[in-house]
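As a plain string of letters, each chain reads:
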Amino acid sequence: MTAESVSASPVRFDSVTKRYPGADSVAVEELSFEVPAGEICVLVGPSGCGKTTALRMVNRTVEMTSGDILIGGRSVKEGDPARLRREIGYVIQQIGLFPHRTISQNIGTVPALLGWDKERIAARAAELLELIGLDPEYGDRYPAQLSGGQQQRVGVARALAVDPPVMLMDEPFGAIDPINRSRLQNEFLRLQAELKKTVLFVTHDVDEAIKMGDRVAVLKKGGHLAQYATPTELLMEPADDFVEDFVGADRALKRLALMRVRDVDLWTAPLAQAGDPAEPVRTAVAAAEVPHALLVDAENRPLGWLSARDLDGEQVPATPDSVADPLIDADSVLRDGLASLLQSGSLYAPVVDARGRLAGVLSVEIVSDFLASDEASESELTAAERPHD
Ligand SMILES: Nc1ncnc2c1ncn2[C@@H]1O[C@H](COP(=O)(O)OP(=O)(O)OP(=O)(O)O)[C@@H](O)[C@H]1O
Ligand SMILES: [Mg+2]
């Protein structure tokens, strides 16, 4: 296995146990599960249940007591631990950027250790900056000159620098405020859709686990695996009282986190551009699903809602009565879309794609219909998610 030839590998935990020297009880006990290549597996559970320990045994920053971990079928015990640490991307909660090195130097840390030449490191850093959506000039800044969320993105870029077969992420968004956390989560999922890395992701937040995980491993104290399942299964059929408690009483609402806004049938609103004749827009509004017209620019990006007063004249004005706020990201989960609607007090809001172009309109009614139908299709979904039953 070399860092550059493998872009994603499966990871298998095989009866992995960790007993720290002098400790009365084990930190992780007989942990077994397999993460298919290219999937995100979230380890979730209460504080002290062994999540970080489990993660760190993958790159041997913690040595296991017994059992084995296989990456792409090969034991991590074979070969040199220092090399393993370089090859596996690792993102930690405290971000851990080097304060006296520029962003580009931070991203190039491992490539430099691997002896890449300067041009190659610079090219890779530039490529990764673009990937995480930071302008090239950020490369010359120092970590303290970036926001927490931007630093976190750089942490992800640094972990991706040598195209690792496996990424370990330990509460990567833990220190970020809820709004930016949700944005970083979406951004990471968008990145992952392209990169298809095998990711082991630790959190103690079950909502984050449900949102981010293709599979979720719920751990209880002593590193026991309580359940290993898809998010849907976890919500529909918690394996025991511990998991049920941990997942929470609002399981139905949590199902909103399994659905992306782009995947529901959105409503359509009448559209108009500045300078259009107002009369046909007035007619369209009278018959529309959404009883207001949206002003859009030539690229179909929403600018605002047109009020009756806006449409009084001959022509559609260039500036509407109310700006389009909130705008909902089509990649966000339904739960976050609903939260935006409720916070703004609006019954509907335009949904936009990654480039800001209109994808449809989300309404509170769409969400409540989804919840109602979700109950009805529960048994169907569960059957579909459980191929082995
Ligand atoms: N270096 C160590 N020496 C001895 N015991 C340790 C060491 N590191 C962790 N432990 C113990 O092992 C157990 C698991 O710790 P770990 O850090 O893996 O938990 P965690 O699930 O990541 O918790 P948190 O959510 O608080 O980060 C805890 O009881 C902890 O006290
Ligand atoms: Mg931890």
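Residues numbered from 1 in each chain as written. Chains lettered and ligands numbered in written order. Predicted model: local features only at pLDDT ≥ 70, side-chain atom pairs only at ≥ 80, totals over all residues. Heavy atoms only, no water.

### Observations concerning the site of ligand 1
Move 1: Around ligand 1, the neighbouring residues are Tyr 20, Ala 27, Ser 47, Gly 48, Cys 49, Gly 50, Lys 51, Thr 52, Thr 53 and Glu 171.
Move 2: Within the side chain of Thr 53, one N or O atom sits 2.5 Å away from an oxygen atom of ligand 1.
Move 3: Here ligand 1 loses 55% of its free accessible area of 630 Å² to cover by the protein chains. (Near = heavy atom within 4 Å. Polar contact = N/O pair within 3.5 Å; in protein donor to acceptor, adjacent residues only side chain to side chain. Areas by Shrake-Rupley, 256 points an atom, 1.4 Å probe, with all protein chains shown as cover.)

### Considerations on the environment of Ser 340
Move 1: Mapped onto the elements of the fold, Ser 340 is located in helix H13 (residues 334-344).
Move 2: Ser 340 sits in the partly exposed class, given a relative accessible area of 25%.
Move 3: Once you skip the residues sitting within four places of it in the chain, Ser 340 turns out to touch Pro 326 and Ile 328. (Helix = DSSP H or I, 4+ residues; strand = E, 2+ residues; numbered from the N terminus. Buried < 20%, exposed > 50% of the residue type's maximum accessible area, 1.4 Å probe, protein only. Contact = heavy atoms within 4.5 Å.)

### Let's talk about the sheet that holds strand S3 (residues 40-44)
Move 1: Spatial ordering of the open sheet is given by S6-S7-S8-S3-S9-S10, a layout of six strands whose pairing is mixed. At either margin of the open sheet sits one strand with a lone partner, and together these are strand S6 (89-91) and strand S10 (224-229). Here the strands of the sheet are splayed against their neighbours by 15° on average, with no regard to which way each runs.
Move 2: Helix H6 (residues 148-160) contacts S6 and strand S7 (166-170) of the sheet and is inclined by roughly 165° relative to S6. (Pairing = 2+ DSSP bridges. Axes fitted to C-alpha atoms, helices over the stretch in contact; angles between N-to-C directions.)

### Notes on the side chain of Gln 152
Move 1: Relative to the helices and strands, Gln 152 is located in helix H6.
Move 2: Gln 152 gets classed as buried once you look at its relative accessible area, which sits at 1%.
Move 3: Among the polar contacts listed, one links the side chain of Gln 152 to the backbone oxygen of Pro 172, at a separation of 2.9 Å.

### A look at the confidence of the model for the protein
Move 1: Chain-level statistics for the protein give a pLDDT mean of 88 and a share of 93% at 70 or above.
Move 2: The least confident element of the protein, judged by mean pLDDT, is helix H15 (residues 378-385) at 44; the most confident is strand S1 (residues 11-18) at 98.
Move 3: Throughout residues 1-5 the model reports pLDDT below 50, and contacts reaching past four residues in sequence, or to other chains, amount to 14 contacts. (pLDDT = per-residue confidence, 0-100.)

### Considering the pattern of salt bridges
Move 1: One pass over the structure, following the stated rule, counts 20 salt bridges.
Move 2: A salt bridge links Lys 197 to Asp 163; its shortest N-O distance comes to 2.3 Å. Separated by 34 residues along the polypeptide, Lys 197 in the loop between helix H7 (178-195) and strand S8 (198-203) and Asp 163 in the loop between H6 and S7 bring together distant segments of the chain.
Move 3: In this structure Lys 197 comes out as buried when scored by relative accessible area, which is 2%.
Move 4: Notably, a salt bridge pairs Glu 279 with Arg 282, separated by 2.9 Å at the nearest N-O pair. Taken together, the positions of Glu 279 and Arg 282, both in helix H12 (residues 278-287) and three residues apart, correspond to about one turn of that helix.
Move 5: Taking the relative accessible area as the measure of exposure, Glu 279 reaches 44% and is therefore partly exposed.
Move 6: Within the structure, one salt-bridge network assembled from shared partners comprises Arg 190, Arg 262, Asp 263, Asp 329 and Asp 331. (Salt bridge = Lys/Arg side-chain N within 4 Å of Asp/Glu carboxyl O.)

### Overview of the packing of aromatic side chains
Move 1: Throughout the structure, instances matching the rule amount to five aromatic pairs.
Move 2: For the pair Phe 33 and Tyr 228, a centre-to-centre distance of 5.1 Å together with 45° between the ring planes defines the contact as tilted. With Phe 33 in strand S2 (residues 28-35) and Tyr 228 in strand S10, the pair connects residues that are 195 residues apart, well separated along the chain.
Move 3: Among the aromatic residues, ring-to-ring pairing joins Phe 13, Phe 33 and Tyr 228 into one connected group.
Move 4: A cation over an aromatic ring shows up here: Arg 120 above the ring of Trp 116, its NZ or CZ 3.7 Å from the ring centre.
Move 5: When the ring centre of Phe 98 is taken as reference, the NZ or CZ atom of Arg 158 above it lies at 5.4 Å. (Phe/Tyr/Trp six-rings, centres within 6.5 Å; stacked < 30°, edge-to-face > 60°. Lys NZ or Arg CZ within 6 Å of the ring centre and 35° of its normal.)

### A few points about the domain arrangement of the protein
Move 1: According to the domain assignment, the protein contains domain 1 (11-254) and domain 2 (262-372).
Move 2: For domain 1 and domain 2, the distance between their C-alpha centroids amounts to 37 Å.
Move 3: Contacts between the two partners involve seven residues from domain 1, matched on the other side by eight residues from domain 2.
Move 4: Summed over both partners, the interface of domain 1 with domain 2 comes to about 630 Å²; 47% of that surface belongs to carbon and sulfur atoms.
Move 5: When the buried area of domain 1 at its contact with domain 2 is split by residue, Asn 186, Arg 190 and Lys 211 rank highest and sum to 58% of it.
Move 6: Here domain 1 is connected to domain 2 by four salt bridges.
Move 7: Inspection of the domain 1/domain 2 interface yields four residue pairs in polar contact (both at pLDDT 80 or more).
Move 8: Of all elements in the fold, only H7, helix H8 (206-212) and helix H11 (251-254) reach the threshold of two or more residues within the side of domain 1 that touches domain 2.
Move 9: Each residue belonging to the side of domain 1 that touches domain 2 can be placed in one class, and the counts come to two nonpolar, two polar and three charged. (Domains from an automatic or database assignment. Buried area = accessible area lost by both parts, 1.4 Å probe. Nonpolar A, V, L, I, M, F, W, Y, C, P; charged D, E, K, R; others polar.)

### Remarks on the side chain of Lys 211
Move 1: Following the sequence through the fold, Lys 211 ends up in helix H8.
Move 2: The residues touching Lys 211, leaving out its near neighbours within four places in the chain, are Ser 182, Gln 185, Asn 186, Leu 189, Ala 257, Arg 260, Val 333, Arg 335 and Asp 336.

### Describing the sheet that holds strand S4 (residues 66-71)
Adjacent strands of a sheet pair through backbone hydrogen bonds, lying either parallel or antiparallel.
Move 1: In spatial order, the strands read S2-S1-S4-S5; together these four strands make up an open sheet with antiparallel pairing. Edge positions in the open sheet fall to S2 and strand S5 (74-75), since each of these has one partner strand only.
Move 2: Strand direction decides the pairing type here: S1 and S2, joined by five bridges, are antiparallel. Bridging from a neighbouring strand, Arg 12 pairs with Glu 34 of S2.
Move 3: Against the sheet, helix H1 (residues 51-58) makes contact with S1, S2 and S4, and its axis sits at roughly 120° relative to S1, the strand it touches most.

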